[in-house]
Amino acid sequence: EAQVTQNPRYLITVTGKKLTVTCSQNMNHEYMSWYRQDPGLGLRQIYYSMNVEVTDKGDVPEGYKVSRKEKRNFPLILESPSPNQTSLYFCASRQQTATNEKLFFGSGTQLSVL
Amino acid sequence: GDSVTQMEGPVTLSEEAFLTINCTYTATGYPSLFWYVQYPGEGLQLLLKATKADDKGSNKGFEATYRKETTSFHLEKGSVQVSDSAVYFCALSRQGGSEKLVFGKGTKLTVNP
């Protein structure tokens, strides 16, 4: 089954403790992206990657890092989490053909930073 | 900068009612426009898209027309079902594709039997 898998589904941590949210897709997509969803603000893009070893900032990259060492994985790294990073995070990958494209989203990771 | 404004929710309708969710945008150039749907407990799914003025996107009975003169991309459905209850997001892409999407805040729709 084609899918984007995020782990963990829920995470509670404390300020300053490094964490990684993993994202993996099994569709051989080149493009992947991370978003955060906050009440009243909607979805905002954190980072995206056009291909292996190619990453770029979205609208809210501060406090986050990403890496794209292989096509299927695109982890989101919080080196020193802070309470304002408490949010619902979504990873996505894109299927692109000559005439159409479609974003596939993971089920989300609910992060709470205390 | 580029932005998307959606009508405030929540929206509550009875089954078989007509649905309109307004979406307007501010952007330079000619962005692509999208509607995504998020069902409870799930990620987002692309509902429909339009890439140029006067294009109409459609899927699952939903439609939206890219109106450059009014910078709008309103979502419509003639007869909603309980299964359409979800959060709907309007979005634009400055680069034609979905590399850098700018989302609206979302509109929650509840359809009652």
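Look up a bit, the structure's there.
No experiment lies behind these values; they were computed from the predicted model shown.

A. Up close: the packing of aromatic side chains. Tallied over the full model, the rule gives 11 aromatic pairs over all chains. Between the aromatic rings of Tyr 36 of chain B and Phe 103 of chain B, the centroid separation amounts to 5.7 Å while the plane-to-plane angle is 55°, which identifies the pairing as tilted. Of the two residues, Tyr 36 of chain B is situated in strand β5 (residues 32-38) and Phe 103 of chain B in strand β11 (residues 101-103); the sequence distance between them amounts to 67 residues. You can call Phe 103 of chain B buried: its relative accessible area is 7%. One cation-aromatic arrangement involves Arg 9 of chain A over Tyr 10 of chain A; the distance from NZ or CZ to the ring centre is 5.3 Å.

B. Expanded view of a nonpolar patch on the surface. All names here are of chain A. Taken together, the side chains of Ile 12, Val 14 and Leu 114 define a hydrophobic patch exposed on the protein surface, amounting to about 320 Å² of accessible area. Tracing the backbone shows Ile 12 in strand β2 (residues 10-13). Accessibility expressed as a relative area gives 64% for Ile 12, which makes it exposed.

C. Summary view of the sheet that holds strand β3 (residues 19-25) of chain A. Residues and elements named next belong to chain A. Spatially, four strands are ordered β1-β3-β8-β7 in an open sheet, and the strand pairing comes out antiparallel. The outermost strands of the open sheet, each flanked by one partner alone, are β1 (4-7) and β7 (65-66). Sheet analysis places β1 next to β3, joined by four bridges and oriented antiparallel. Note that in β3 the partner of Asn 7 across the bridge is Thr 22.

D. Examining the state of the cysteines more closely. Residues and elements named next belong to chain B. Going through the model one piece at a time under the given rule, you end up with two disulfides over all chains. Cys 23 shares a disulfide with Cys 90; S-S distance 2.0 Å. An S-S torsion of about -70° defines the bridge between Cys 23 and Cys 90 as left-handed. With a gap of 67 residues between them, Cys 23 in strand β4 (residues 23-26) and Cys 90 in strand β10 (residues 86-93) connect regions that are remote in the sequence.

E. Layout of the pairing of strand β7 (residues 56-59) of chain B. Residue and element names in this part refer to chain B. Relative to strand β8 (residues 62-65), β7 runs antiparallel, the two sharing four bridges. Directly across from Gly 57, in β8, lies its bridge partner Ala 64. Between β7 and β8, which pair antiparallel one after the other, the connecting turn spans two residues, and Lys 60 there sits at a positive phi close to 55°.

F. Focus on the interface of chain B and chain A. Across the contact, 21 residues belong to chain B and 23 residues belong to chain A. Across the chain B/chain A interface, buried area totals approximately 1,700 Å², and carbon plus sulfur atoms make up 49% of it. Linking chain B with chain A are zero salt bridges, by the criterion used here. Taken together, the elements giving at least two residues each to the side of chain B that touches chain A come down to β5, β6 (44-50) and β11 of chain B. When its residues are assigned to classes, the side of chain B that touches chain A shows eight nonpolar, seven polar and six charged.

How each quantity is defined
Within every chain, residues take consecutive numbers counted from 1 along the sequence as written. Think of it this way: whatever chain is written first is A, whatever ligand is written first is 1, and the rest follow in order. Thresholds applied to this predicted model are a pLDDT of at least 70 for local features of residues and 80 or more for the giving and counting of side-chain atom pairs; totals over whole chains, interfaces and linings are not thresholded and use all residues. Side-chain numbers here rest on the full set of heavy atoms in the structure, without hydrogens or water. Centre distance within 6.5 Å is the pairing criterion for rings of Phe, Tyr and Trp, where only the six-membered ring of Trp is used; planes under 30 degrees apart are then read as stacked, over 60 as edge-to-face, and the remainder as tilted. A run of DSSP states H or I qualifies as a helix once it reaches four residues; a run of E qualifies as a strand once it reaches two. Both are numbered from the N-terminal end. Relative accessibility decides the category of a residue: with a 1.4 Å probe and only protein chains considered, values under 20% of the type maximum give buried, values over 50% give exposed, and everything between is partly exposed. For a ring to carry a charge above it, either NZ of a lysine or CZ of an arginine must fall within 6 Å of the ring centroid while also lying within 35 degrees of the normal to the ring plane. In this analysis, a patch consists of residues with relative accessible area above 30% that form no salt bridge, clustered at 9 Å for like charges and at 5 Å for the nonpolar side chains Val, Leu, Ile, Met, Phe, Trp and Tyr. Calculation of accessible area relied on Shrake-Rupley with a 1.4 Å probe; when residues are assessed, cover is drawn exclusively from the protein chains displayed. Salt-bridge detection follows one rule: a side-chain nitrogen of Lys or Arg within 4 Å of a carboxyl oxygen of Asp or Glu. We treat two strands as partners when DSSP finds at least two bridges between them. Only a pair of cysteine sulfur atoms within 2.5 Å counts as a disulfide in this structure description. Here a residue-residue contact requires only that any non-hydrogen atoms of the pair lie within 4.5 Å. Joining two parts hides part of their accessible area as seen by a 1.4 Å probe, and the buried area is that hidden amount summed over both. Side-chain classes follow a simple rule in which Ala, Val, Leu, Ile, Met, Phe, Trp, Tyr, Cys and Pro form the nonpolar group, Asp, Glu, Lys and Arg form the charged group, and the remainder, Gly included, forms the polar group.

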